[in-house]
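# Overview (structure and organization)
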Amino acid sequence: MALESRITQEEIKKETEKPIDREKTCPLLLRVFTTNNGRHHRQDEFARGNVPSSELQIYTWMDATLRELTSLVKEVYPEARKKGTHFSFAIVFPDLRGKVYRFKDIGNTVSGKKCADDSMTLQSQRFQIGDYLDIAITPPNRAQPLGPRMRPF
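Small disclaimer: the values here were computed from a predicted structure and weren't measured.

### Focus on helix H2 (residues 66–76)
- Every buried residue of H2 is accounted for by Leu66, Leu69, Thr70, Val73 and Lys74. An end-on view of H2 places all buried positions within 140° of arc, on one side of the element.
- In the core, the buried residues of H2 are packed alongside strand E1 (28–35), strand E2 (55–60), strand E3 (86–94), strand E4 (101–110) and strand E5 (132–138).

If you want it as structure tokens, here you go:
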């Protein structure tokens, strides 16, 4: 006898996006890796237990927005504070079928400008504790990157 679930997608979404009480909920350690050349790190830089050297460790909550994370990164990197600096966010997670890591582009923010992705949260993008965050920072005087993880050739 098979049982069928009658939970709708709306109910699942409501359940996963419950508000987090930051006074009562312990923050998680978010391991963030940044580049300042407008491109994300290569997948092989995360292979075999290795990680890139440009690591930031941030204590935050699952309801942290990309705008909030942008401001935390700007506190550490003064050159990223310039108006027009682009931040491209990607979740780096282990592939369950192999010993490699996968990237999932989740959004972009721009220093000094409002963007559609500003209010996007880690939780809404299915970030899981243990995943990494990779941020490609593009200074305002450089051309906008061609697209998520694209190469100019």
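### Remarks on the environment of His86
- By the secondary structure assignment, His86 is in strand E3.
- Distance in space between the C-alpha atoms of His86 and Ala136 is 8.0 Å, their sequence separation being 50 residues.

### Overview of the nonpolar core
- Leu30, Leu69, Phe89, Leu133 and Ile135 are the most contacted members of the largest nonpolar core, which totals 21 residues.
- Where this core is concerned, the elements lending two or more residues are E1, E2, H2, E3 and E5.
- Judged by nonpolar contacts, the second largest core, of 7 residues, contains Ala90, Val92, Phe103 and Tyr132.

### Quick notes on the pairing of E3
- With 9 bridges connecting them, E3 and E4 associate as antiparallel partners. Looking at E4, one finds that Pro94 is bridged to Tyr101.
- What sits between E3 and E4 in their antiparallel hairpin is a turn of 6 residues.
- With 7 bridges connecting them, E3 and E5 associate as antiparallel partners. Bridge assignment links Ala90 to a residue of E5, and that residue is Asp134.

How each quantity is defined
- Residue numbering note: each chain is counted from 1, following its sequence as written.
- Residue-level local features of this predicted model are given only where pLDDT is at least 70; pairs of side-chain atoms are given and counted only at 80 or more, and the full residue set underlies all totals for whole chains, interfaces and linings.
- Hydrogen atoms and water are omitted, and side-chain values are computed over all heavy atoms in the structure.
- Burial classes follow relative accessibility: with a 1.4 Å probe on protein chains only, a residue under 20% of its type's maximum area counts as buried, one over 50% as exposed, and anything between as partly exposed.
- Only DSSP runs of H or I covering at least 4 residues are called helices, and only runs of E covering at least 2 are called strands; the numbering of each starts at the N terminus.
- This arc describes the spread of directions from the helix axis toward the C-beta atoms.
- Contacts are residue-level and defined by heavy atoms, with any inter-residue pair within 4.5 Å sufficient.
- In this text, buried Ala, Val, Leu, Ile, Met, Phe, Trp, Tyr and Cys residues form a nonpolar core when linked through side-chain atoms within 4.5 Å.
- Paired strands are those between which DSSP finds at least two bridges.

Structural measurements only, silent on function.
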